[in-house]
Amino acid sequence: MFSDITLSSAEEGEILSQYIKTSAHDIESVLKQLITQSTVASDITISIENKRGDADFNTRVTDMIAMYIVLNSVGEYLSMMHPDIAQKYHRDAQQRIESLVAYVFYKKPPTEASADPLTYDSNS
Amino acid sequence: MAKTLTLSLDRALIIEGVKADTYITGEIDKSADAVKNAALAYNEQAGDDNYHERKLMRTLRSAVAKFEAHLAEFVDTSAENSISNTLSQTSDQQTAFTITVKVSDRYNAGLAEPMSALAMEYMINMMLYSWWQSIKPALAKDYVNFAQESLTSIRLCLAKTAPTAAAGDYKDVTGTIS
């Protein structure tokens, strides 16, 4: 089995590269509302708005995106020769992208206004 | 009409009220299915995105204008009712604005503070009505009803107190025949 799934130079250079790019485009598609800039070439750069997210938002999102791209690309590749194994990777990739969407689309509660809501300045 | 009543409102508080309410609704929707409803909740929860903030400011101005229209006969036209202030800066800045109304000499001064609170509630509810109108029209109807209730209460606040008793007494009213 392992000889089957060892990548040839053509697969590594062209096919896998195409899978990686397609996976990155999947990310662009699901997060398009919040993406401010995106480049998918030899490096993948995706800039996402983060106005009410966590401080370590960038690290977490980058990890999730990288993991999705790996899982999905492996799943795509395996689907040609071992579709049964590929399903597991596709399921994992799907879960990863769902977690990513849930995380990126999270807003923290709104900031409290500094005035006390129970006091009102009025006079007559 | 002799007393001047100045309702001082805080724009940041009003906007926080709208954001908090929409945040709660979004979180409730997410509790049904956190993954499927993530993007839905994000879009329901007002604020932060530039176009959200702009819509909030537009609807705040509109709510203030409607409030003044409903109280047209009381609004002090000579005063600088600073609705323009509500749009002049971004929503996270603490900006008070005032609405000045002329009320009767017999206005109950103790109702000035409740009236400010009701005015704030009216604006929050009208903004929530505008917010939900395009997303959840059924929910929007509730908010316009809440706003109407606030307005009814505001009008009740504008009632006159009993007239001051004159120094004389009715039994002293007499007639004479000569």
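## A look at the overall build of chain A
- The number of helices and strands found in chain A is 4 helices and 3 strands.
- Taken from the N to the C terminus, the helices and strands of chain A come in the order α-α-β-β-α-α-β.
- Counting across all 124 residues of chain A, residues that qualify as buried make up 23%.
- In chain A, once contacts between residues fewer than 6 apart in sequence are set aside, the share between residues at least 24 apart is 53%.

## So, the overall build of chain B
- Of the regular secondary structure elements, chain B holds 6 helices and 2 strands.
- For chain B, the N- to C-terminal ordering of α and β elements is β-α-α-α-α-β-α-α.
- When burial is assessed residue by residue, chain B has 33% of its 178 residues classed as buried.
- Here the analysis covers contacts within chain B between residues at least 6 apart in sequence; of these, 71% occur between residues at least 24 apart.

## Points about the pairing of strand β1 (residues 35-40) of chain A
All names here are of chain A.
- Of all 6 residues making up β1, only 0 are buried, and the element is barely covered by its neighbours.
- Both β1 and strand β2 (residues 44-48) contribute to a ladder of 5 bridges, which runs antiparallel. Bridging across to β2, Ile35 finds its partner in Ile48.
- What sits between the antiparallel neighbours β1 and β2 is a turn of 3 residues.

## Notes on the environment of B:Ala2
All names here are of chain B.
- Along the chain, Ala2 falls in the segment before β1 (3-10).
- Under the C-beta neighbour-count criterion, Ala2 is labelled exposed, with 9 such atoms within 10 Å.
- Here the alpha-carbon distance between Ala2 and Ala166, two residues 164 residues apart in the chain, equals 20 Å.

## Regarding the confidence of the model for chain A
- Per-residue pLDDT for chain A averages 83, and the proportion of residues at 70 or more is 82%.
- Across chain A, the secondary-structure element scoring lowest on mean pLDDT is strand β3 (residues 122-123) of chain A, at 50, and the one scoring highest is helix α4 (residues 83-104) of chain A, at 93.

## Some details on the environment of A:Pro109
All names here are of chain A.
- Position of Pro109 among the secondary structure elements: in the loop between α4 and β3.
- With 13 C-beta atoms counted inside 10 Å, the residue Pro109 sits in the partly exposed group.
- C-alpha separation for the pair Pro109 and Glu14, spaced 95 residues apart in sequence, amounts to 45 Å.

## Some points on the nonpolar core
Residues and elements named next belong to chain B.
- Of all hydrophobic cores here, the largest spans 36 residues; its most connected members are Val18, Ala119, Tyr122, Met123 and Met127.
- At the level of elements, β1, α1 (11-32), α3 (50-70), β2 (96-103), α5 (112-133) and α6 (137-157) are the ones that each hand at least two residues to this core.
- Per-element tally for this core: the top contributor is α5, with 13 residues.
- Setting aside its immediate chain neighbours within four residues, Val18 contacts Ala46, Leu56, Ile124, Met127, Leu128 and Trp131.

## Some thoughts on α4(A)
Residue and element names in this part refer to chain A.
- Helix length check: α4, at 22 residues, gives a terminal C-alpha distance of 31 Å against a target of 32 Å (1.5 Å per residue), a fit within 8%.
- Residues Tyr89, Ala93, Arg96, Ile97, Leu100, Val101 and Val104 constitute the buried set of α4. Along α4, the residues classed as buried sweep out an arc of 135 degrees about the axis, all on the same side. Exposed positions of α4 whose direction lies more than 90 degrees from the buried face are Asp84 and Arg91.

## Notes on unusual backbone geometry
- If you check the backbone angles, B:Asp48 has positive phi at about 75 degrees while not being a glycine.
- Along the chain, B:Asp48 turns up in the loop between α2 (38-44) and α3.

Scoring rules and cut-offs
- Residues numbered from 1 in each chain as written.
- Chains lettered and ligands numbered in written order.
- Predicted model: local features only at pLDDT ≥ 70, side-chain atom pairs only at ≥ 80, totals over all residues.
- Helix = DSSP H or I, 4+ residues; strand = E, 2+ residues; numbered from the N terminus.
- Buried ≥ 20, exposed ≤ 12 C-beta atoms within 10 Å, placed from the backbone.
- Contact = placed C-beta atoms within 7 Å.
- Pairing = 2+ DSSP bridges.
- pLDDT = per-residue confidence, 0-100.
- Core = buried A, V, L, I, M, F, W, Y, C linked by C-beta atoms within 7 Å.
- Expected span 1.5 Å × (residues − 1).
- Arc of directions from axis to C-beta.

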